[in-house]
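A closer look at the structure
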Amino acid sequence: QVQLVESGGGSVQPGGSLRLSCTASGNVRDIYLTRWHRQAPGKSREYVASITNTDDPDYAASVKGRFTISRDNAKTTTYLQMNSLGPDDTAVYYCNADTRIGVIWGQGIQVTVSS
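Residues numbered from 1 in each chain as written. Predicted model: local features only at pLDDT ≥ 70, side-chain atom pairs only at ≥ 80, totals over all residues. Heavy atoms only, no water.

In this sheet, strand E10 (residues 102–105) lies alongside strand E9 (residues 91–99) in antiparallel orientation, the contact comprising 4 bridges. Counted as the bridge partner of Thr-99 is Gly-102 from E10. (Pairing = 2+ DSSP bridges. Helix = DSSP H or I, 4+ residues; strand = E, 2+ residues; numbered from the N terminus.)

This is the structure in structure tokens:
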């Protein structure tokens, strides 16, 4: 079984940066792809970015050019570097992964962009 834990959230001013981390434990070799989603207050959860187990990234149009998804050399931690943050990026960010037994989700972490 895979477990995912997010970290690195918090509050930042508009134009600032944050880096989120998603650390996987358990049967990490079962992970095919890791994604980030986010859910803003009163809105549906939306896709943000993903990275395959061959390190191919993909981004939603709303974050392309501002966010970068990557993994560490051990392939156990997925990062989401977020630059040029704006109020519309305020949301709970969730890490999730496709695994051999299905999709696993982390608990989510708050990101607040406010002056």
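Soluble globular proteins tend to pack their nonpolar side chains together in the buried interior. If you look at the biggest cluster of nonpolar residues, it comprises 29 residues, and the most contacted ones within it are Trp-36, Leu-80, Met-82 and Tyr-93. The set of elements that each furnish at least two residues to this core consists of strand E1 (2–7), strand E3 (18–26), strand E4 (31–39), strand E5 (46–52), strand E7 (67–71), strand E8 (77–82), E9 and strand E11 (109–113). (Core = buried A, V, L, I, M, F, W, Y, C linked by side-chain atoms within 4.5 Å. Buried < 20%, exposed > 50% of the residue type's maximum accessible area, 1.4 Å probe, protein only.)

Spatially, 4 strands are ordered E1-E3-E8-E7 in an open sheet, and the strand pairing comes out antiparallel. For this open sheet the edge positions go to E1 and E7, each flanked by a neighbour on one side alone. Here the strands of the sheet are splayed against their neighbours by 15° on average, with no regard to which way each runs. Across 5 bridges, the pairing between E7 and E8 is antiparallel. Within E8, the residue paired with Ser-70 across the bridge is Tyr-79. (Axes fitted to C-alpha atoms, helices over the stretch in contact; angles between N-to-C directions.)

Counted under the stated rule, the structure contains 1 aromatic pair. Taking 6.2 Å as the distance between ring centres and 75° as the angle between the ring planes, the aromatic pair formed by Tyr-94 and Trp-105 counts as edge-to-face. A residue pair is termed long-range when its members are at least 10 positions apart, and Tyr-94 in strand E9 and Trp-105 in strand E10 qualify at 11 residues. In this structure Tyr-94 comes out as buried when scored by relative accessible area, which is 14%. Directly above the ring of Tyr-94 sits Arg-45, whose terminal nitrogen or CZ lies 3.8 Å from the centroid. (Phe/Tyr/Trp six-rings, centres within 6.5 Å; stacked < 30°, edge-to-face > 60°. Lys NZ or Arg CZ within 6 Å of the ring centre and 35° of its normal.)

We now examine the pattern of salt bridges. In this structure the tally under the stated criterion is 7 salt bridges. The residue Asp-89 makes a salt bridge to Arg-38 at a minimum N-O spacing of 2.8 Å. Here the residue Asp-89 occupies a position in the loop between E8 and E9, and Arg-38 occupies one in strand E4, the gap between them amounting to 51 residues. Arg-38 matches Asp-89 in its accessibility class, with the two residues each being buried. Taken together, the shared-partner salt bridges in this structure form one network comprising Arg-38, Glu-46, Arg-66 and Asp-89. (Salt bridge = Lys/Arg side-chain N within 4 Å of Asp/Glu carboxyl O.)

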